[in-house]
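Chain residues, written in single-letter form:
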Amino acid sequence: MNSLDIATRLIIENMVKITINSLETIEKGLVHGELSPEDIDNLYENGVKASSLREEGTAHILEYIARMRPIGKELKIFTMSLNILYDLYRINRYCWEIGRIFKVVRNIIIEEKLIELIREVSKMIKTLTSELIELNVSSNTINKVIQLEKDSDDMYLERLQEKMNKPIIQPVELAELLIARHIERIFDHVEYIVKYAEIYG
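Residues numbered from 1 in each chain as written. Predicted model: local features only at pLDDT ≥ 70, side-chain atom pairs only at ≥ 80, totals over all residues. Heavy atoms only, no water.

Details of the side chain of Glu-173
Of note, Glu-173 is situated in helix 6 (residues 171-200). A residue is classified by how much of its surface remains accessible, and Glu-173, at 16% relative accessible area, is buried. Filtering out sequence-adjacent residues up to four positions away, Glu-173 remains in contact with Lys-163, Lys-166 and Ile-168. (Helix = DSSP H or I, 4+ residues; strand = E, 2+ residues; numbered from the N terminus. Buried < 20%, exposed > 50% of the residue type's maximum accessible area, 1.4 Å probe, protein only. Contact = heavy atoms within 4.5 Å.)

Things to note about helix 2 (residues 37-68)
Taking 1.5 Å per residue as the helical rise, helix 2 with its 32 residues ought to reach 46 Å, and the 46 Å between its terminal C-alpha atoms agrees with that figure. Among all positions of helix 2, only Asp-39, Ile-40, Leu-43, Asn-46, Gly-47, Ala-50, Leu-53, Gly-57, His-60, Ile-61 and Tyr-64 are buried. Contact partners of the buried residues in helix 2: helix 1 (6-32) and helix 3 (72-104). Looking at the residues trailing helix 2, positive phi occurs at Arg-69, about 50°. (Expected span 1.5 Å × (residues − 1).)

Side note on the packing of helix 2 against helix 3
Look at helix 2 against helix 3: their axes get within 9 Å of each other, and the N-to-C directions meet at 165°. In this view, helix 2 runs roughly antiparallel relative to helix 3, as classed from their interaxial angle. Here helix 2 runs over helix 3; the crossing is left-handed. The residue inventory of the contact of helix 2 with helix 3, partitioned by class, reads 17 nonpolar, eight polar and three charged. (Axes fitted to C-alpha atoms, helices over the stretch in contact; angles between N-to-C directions. Parallel < 35°, antiparallel > 145°, perpendicular 65-115°, else oblique. Left-handed = near helix turned anticlockwise from the far one by under 90°. Nonpolar A, V, L, I, M, F, W, Y, C, P; charged D, E, K, R; others polar.)

Details of unusual backbone geometry
You will see that Arg-69, though not glycine, has its phi angle at about 50°, which is positive. Counting through the fold element by element, Arg-69 comes out in the loop between helix 2 and helix 3. The class of Arg-69 is exposed, set by a relative accessible area of 68%. One non-glycine residue with positive phi stands out, namely Asn-107, at about 55°. Residue placement: Asn-107 occurs in the loop between helix 3 and helix 4 (112-133). According to the relative accessible area criterion, Asn-107 is exposed, its value standing at 57%.

See the structure below:
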């Protein structure tokens, strides 16, 4: 057997759904410059659900490994699944951190490039995770994720340098910088998932 069992697959698919919902909620905040209290509560609840799914998935996978004693490629697949669950959990945590910023600062002006990056990461997580589950990650997906991660990193460093050159930073500018940093970290975790294709493929 060189594929995931049904229970592990369902846990990962549910985690992906929660993660995409969190990212879409963040996109809404970036477009409108604020999030409603309901949206912020949703991000918190998604973080709790993601933590629970990660614990459930970890327990299930470790039990499966102990009971079935997979070897070779099958063992690699389940090890990869543990890592994917962790990275998706971290992405939800960064979404919650962005939600906390919107809770404190309103009318945040976000440039279109940041919004587009969040839109892209939602698409990439859906594509990348499904390809990993099927053990068929395309080189196009890998290259696109690597480029997007570089774009997010460059964007954050540009914003940081820009703010460092100012004698005074306004609260809204600080909020935008923190959001850019969290988005950069989200892309780091997406890139980690891509690297599993190379390590475990």
